[in-house]
Structure formats: structure tokens, C-alpha cells
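What follows is each chain in one-letter form.
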Amino acid sequence: MRARQTTLLLHPALGLLVASLSVACAAGGGRPAVTARPPAPSPVETALMGQWELVDVEARGQTMPASGRLAFDEFNNISVRAELSPGTAEVVPPRVVLLDFQAKAVLSAGQIAYVGLQRRAPSEQMVPTASEPSAWRYFAVNGDTLRVWQAGDDGQPSGTLVFRRLP
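Remember, predicted model here, so these are calculated numbers, not experimental data. (Residues numbered from 1 in each chain as written. Predicted model: local features only at pLDDT ≥ 70, side-chain atom pairs only at ≥ 80, totals over all residues. Heavy atoms only, no water.)

Some words on the overall build of the protein
Heads up, the rule is: By the criteria applied, helices consist of DSSP H or I runs no shorter than four residues and strands consist of E runs no shorter than two, each listed in order from the N terminus. Whether a residue is buried, partly exposed or exposed follows from its accessible area with a 1.4 Å probe, protein chains only, as a fraction of its type maximum: under 20%, in between, or over 50%, in that order. Only the protein chains shown count as cover for residues, and the accessible areas themselves come from Shrake-Rupley with a 1.4 Å probe.
The secondary structure content of the protein amounts to two helices and nine strands. Ordered by position in the sequence, the α and β elements of the protein form the string α-α-β-β-β-β-β-β-β-β-β. Relative to its 167 residues, the protein shows a buried fraction of 27%. Accessible surface, the protein as shown: approximately 10,700 Å² in total, 58% of it carbon and sulfur.

Observations regarding the layout of surface pockets
Definition in use: Within this scheme a cavity is a closed region of a 1 Å grid, computed over the protein atoms alone, that accommodates a 1.4 Å probe without allowing it to escape, whereas a pocket is open but has protein on both sides within 12 Å along at least five of seven lines; lining residues each have an atom within 4 Å of a point. Grid points are joined across faces, edges and corners, and a volume is the space filled by probe spheres set on the points.
Its boundaries defined by the atoms lining it, the largest pocket holds a volume of some 190 Å³. Lining the largest pocket are 16 residues, and of these Ala 59, Arg 60, Met 64, Leu 98 and Thr 129 sit closest to its centre. Looking at the lining of the largest pocket, the elements with two or more residues in it are strand 1 (50–59) and strand 9 (157–165).

As for unusual backbone geometry
Note the cis peptide between Pro 93 and Pro 94, where omega equals 10 degrees. Looking at the secondary structure, you find Pro 94 in the loop between strand 4 (77–84) and strand 5 (97–108). Located in the positive-phi region is Asn 76, a residue other than glycine, with phi close to 65 degrees. With respect to the secondary-structure elements, Asn 76 resides in the loop between strand 3 (66–72) and strand 4. Although it is not a glycine, Ala 109 sits at a positive phi angle of roughly 50 degrees. With respect to the helices, strands and loops of the structure, Ala 109 is situated in the loop between strand 5 and strand 6 (111–119).

Regarding the confidence of the model for the protein
Quick reminder of the rule: Confidence scores here are pLDDT values: one per residue, from the predictor, ranging 0 to 100. Throughout, a contact is declared for two residues whenever any of their heavy atoms are within 4.5 Å.
The share of residues in the protein with pLDDT of 70 or more is 78%, and the mean pLDDT across the chain is 84. Confidence drops under pLDDT 50 across residues 5–27; counting only partners more than four residues distant or on other chains, this segment forms one contact.

Re empty space enclosed by the protein
Rule in force here: Polar here means any residue other than Ala, Val, Leu, Ile, Met, Phe, Trp, Tyr, Cys and Pro, which are nonpolar, and Asp, Glu, Lys and Arg, which are charged; Gly is therefore polar.
For the structure on display, the rule yields one cavity of 30 Å³ or more. Looking at the largest cavity, its volume works out to about 30 Å³. Along the walls of the largest cavity sit Leu 99, Asp 100, Arg 119, Met 126 and Pro 133, which together make up its complete lining. Its residues assigned to classes, the lining of the largest cavity comprises three nonpolar, no polar and two charged.

Laid out in C-alpha cells, this is it:
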């Protein structure tokens, strides 16, 4: 009879423990729920979001014909590819790629910091004058025009990529 009482006393305690664990698990244990939805974009992120077509490369005071794309999504993924036209001075195919990378972008006051930057084009396709992708960290959006540039030691733009928003 005594064993029976002990068993009966343990069952309510065990039931309470199971109920407590079930509530804790259902509530996530105090951790925020993981969702696939990104946080609401800032106005700057919204302005940059979308697909952009490269229309010009400006360097050393001259405009060079080029082609390429920039994409920025709701998860702050950025990818950039810029190729100079084969007829451009200093460009000898297959070395036509000026930039080709992807990364996470952190935007702040007209500047881009890149996290996890990955180059995509092989070195034998890069033009000899290509700079580090992380140097292209300044940007401005004016309507459907996006300018991304790198600055020299004097703080002035030393190269600018001009993009037009795609519909």
C-alpha cells in the first residue's frame, strides 16, 4: 500500500514537470523566434533595393564604355559586376572585368561596408588597373540613378560607377 501512495504522489509532480517543459518549449525558451522575413528596410536600403544596370564608368576625368549590373535585395545582399568594353584603352581581352563580387552590405551615411565579400571573376579576367572591391564604398541614389565610387587619398572620387534602375 505504501508503494502505491508514493507512485500516486510522483505522478502529479511528473505531470507538472512535463507541463512546465511543454510551455517552455512552446514559448521558445526565452529566445526570439527565427523567421525568414527580413527586418523592415531603412529608407536608404529601400532606395538602393532592386536591379541596376551599369551605364558608365568614370575614371581619370574620362567616361569609359562599360556594361554590368548591381543587385541589392531585402536581405542586404549586394552583387556587382562591371566590365569595360574591349575597345577601351588599357583593356585587352580577356581582361575586361573591373569588378565582380558579392557580399552583405551594411549601409551608413552614404557609405557601404561589405561583410563576407567574395570575388567571383578569376584574376585572368580582371583588368590590371582594377582596385579592391571594398574600395567602392561610397554611394548616392538620385531617383533612378545610382553612383558608386571610390575616393583617393584626397577624399575626391577616383573612379565612379553610374547605374540606372531597371524596371
